[in-house]
Amino acid sequence: MAAHLIILLLFSVLKGVHSITTVSKVSVKAGQSISIPCLYESQYKNHVKYLCEGYYWRNCNDAVKTNKPDALGKYLISDDKKLNIFTVTINQLTYENTDYWCVVEINNGPDDGQYFQLSVSSGTPSLYVDHQRITGYIGESITIRCHHSNSGEIKWCRLGRNCVTGSSGSIDGTTVTAHMRDPNVFTVTMSGLKSEDSGWYWCAKGDIQIPVYLKLITTTTPTTSTTTSTISTTIHTVAKNGTMEQGKNSTVGENKQHRASFDPRILIIPLSVLIWIVIVVLFIWFILRHKQRKADSSVTPVLSYADLLPCGCGTQY
């Protein structure tokens, strides 16, 4: 194995080790996925990049290219020409997925590649992070937890840049602190983040590395927040008023529809009750009137003695 590594190193020297930079050895779990960043020089920006599988450079097989995607989806590749980094992702890792090369096609010449190794196991990787891709905010801090079970020196590095090996340091002017408060976990904190801090980093413990991609976004300022809140409130109010107007229109429409579909049969019962009440009232009134007339006709008039005498023939004294 040592002889093979020496051969690889010598071959890399002959090819030019500074054209492509990547991690050297990554511990992974079978069945999972891993993303590997490959940094290339700016003159390769518009060149085709690809991943080659195999231990020996001359016998490796093309797995995926930037101009030829993998139809099965086992391998993915993307090229960030702003950062001069192409990233390869290997899905559904097996015990055979161990040896790869990051490669850039060279026009009218031999392609340029850099070797990396995957250590695939069935258990927990000897070095891993909670999330390989994380998001932070410009001006704030972010913390990365690197879990490990192997021994060796601890490092936090930026791909193609410098490393922080002690408890504190800086990368591109950003403060980095590292500590081991928890067993088998070393924590890295980057403070005062800048937009240019976005990119690929890696944890290292001994000879094992794990790449980590840091994406930085702008935090919302109070003024922007107030403006956004005002706009949001205005939009909400307009939307609410629109809903209310729509509700009113809907109600008017429903009323019109209700009037248009009015069924006169619903008045039959109230009218029947009303007629019945009128009949009853008239009947009672008729009975009472009839009794009154009968009572009036049965009364005998009382006549005086003078009324019985012929007119002018009353007794004279």
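In the block above lies the structure referred to throughout.
Below is a summary of the structure that appears in this document. (Residues numbered from 1 in each chain as written. Predicted model: local features only at pLDDT ≥ 70, side-chain atom pairs only at ≥ 80, totals over all residues. Heavy atoms only, no water.)

## Quick word on the sheet that holds strand β10 (residues 127-129)
Sheet strands pair by backbone hydrogen bonding; their relative direction is either parallel or antiparallel. What counts, and what does not: Whether two strands pair comes down to DSSP finding at least two bridges between them. Each helix is a run of DSSP H or I of at least 4 residues and each strand a run of E of at least 2, with the numbering of both proceeding from the N terminus. For helices, the fitted axis covers only the stretch in contact; all axes are lines through C-alpha atoms, and the angles between them, taken along N-to-C directions, range from 0 to 180 degrees.
Read across the open sheet, the 5 strands follow the order β10-β12-β17-β16-β15; overall the sheet is antiparallel. Either end of the sheet is taken by a strand with one partner, and the two such strands are β10 and β15 (168-171). Direction aside, neighbouring strands of the sheet carry axes that sit 30 degrees apart on average. In this structure, strand β16 (residues 174-182) lies alongside strand β17 (residues 185-191), joined through 6 bridges in antiparallel fashion. If you follow D182 over to β17, its bridge partner there is V185.

## Describing the pattern of salt bridges
Under the convention used in this document: Whenever Lys or Arg places a side-chain nitrogen within 4 Å of a carboxyl oxygen from Asp or Glu, that contact is recorded as a salt bridge. Under the scheme applied here, a residue whose accessible area is under 20% of the maximum for its type counts as buried, over 50% as exposed, and between as partly exposed, the area being computed with a 1.4 Å probe on protein chains only.
Counted under the stated rule, the structure contains 9 salt bridges. For the salt bridge of D79 with K49, the shortest nitrogen-to-oxygen distance reads 2.9 Å. Of this pair, D79 sits in strand β6 (residues 75-80) while K49 sits in strand β4 (residues 49-53), and the two are 30 residues apart along the sequence. Judged by its relative accessible area of 25%, D79 falls in the partly exposed class. In this structure, R145 and D182 form a salt bridge, with 3.1 Å as the shortest nitrogen-oxygen distance. Within this pair, whereas R145 is found in strand β12 (residues 142-148), its partner D182 is found in strand β16, the two being separated by 37 residues in sequence. By relative accessible area, R145 is classed as partly exposed at 31%. Residue classification places D182 among the partly exposed positions, given a relative accessible area of 35%.

## Side note on empty space enclosed by the protein
Worth spelling out the cut-off: Grid points spaced at 1 Å over the protein atoms alone were grouped into cavities, where a 1.4 Å probe fits but cannot get out, and pockets, open sets with protein on both sides within 12 Å along at least five of seven lines, with lining residues defined by an atom within 4 Å of a point. Grid points are joined across faces, edges and corners, and a volume is the space filled by probe spheres set on the points. Only Asp, Glu, Lys and Arg are considered charged, only Ala, Val, Leu, Ile, Met, Phe, Trp, Tyr, Cys and Pro nonpolar, and every remaining residue, Gly among them, polar.
Scanning all chains against the criterion turns up 1 cavity of 30 Å³ or more. Size it by volume and the largest cavity reaches roughly 40 Å³. Around the largest cavity sit I154, K155, W156, V164, T165, G166, A178, F186 and V188, which together line it. If you tally residues by element for the lining of the largest cavity, the top one is strand β13 (residues 154-158), at 3 residues. For the lining of the largest cavity, the residue count by class is 6 nonpolar, 2 polar and 1 charged.

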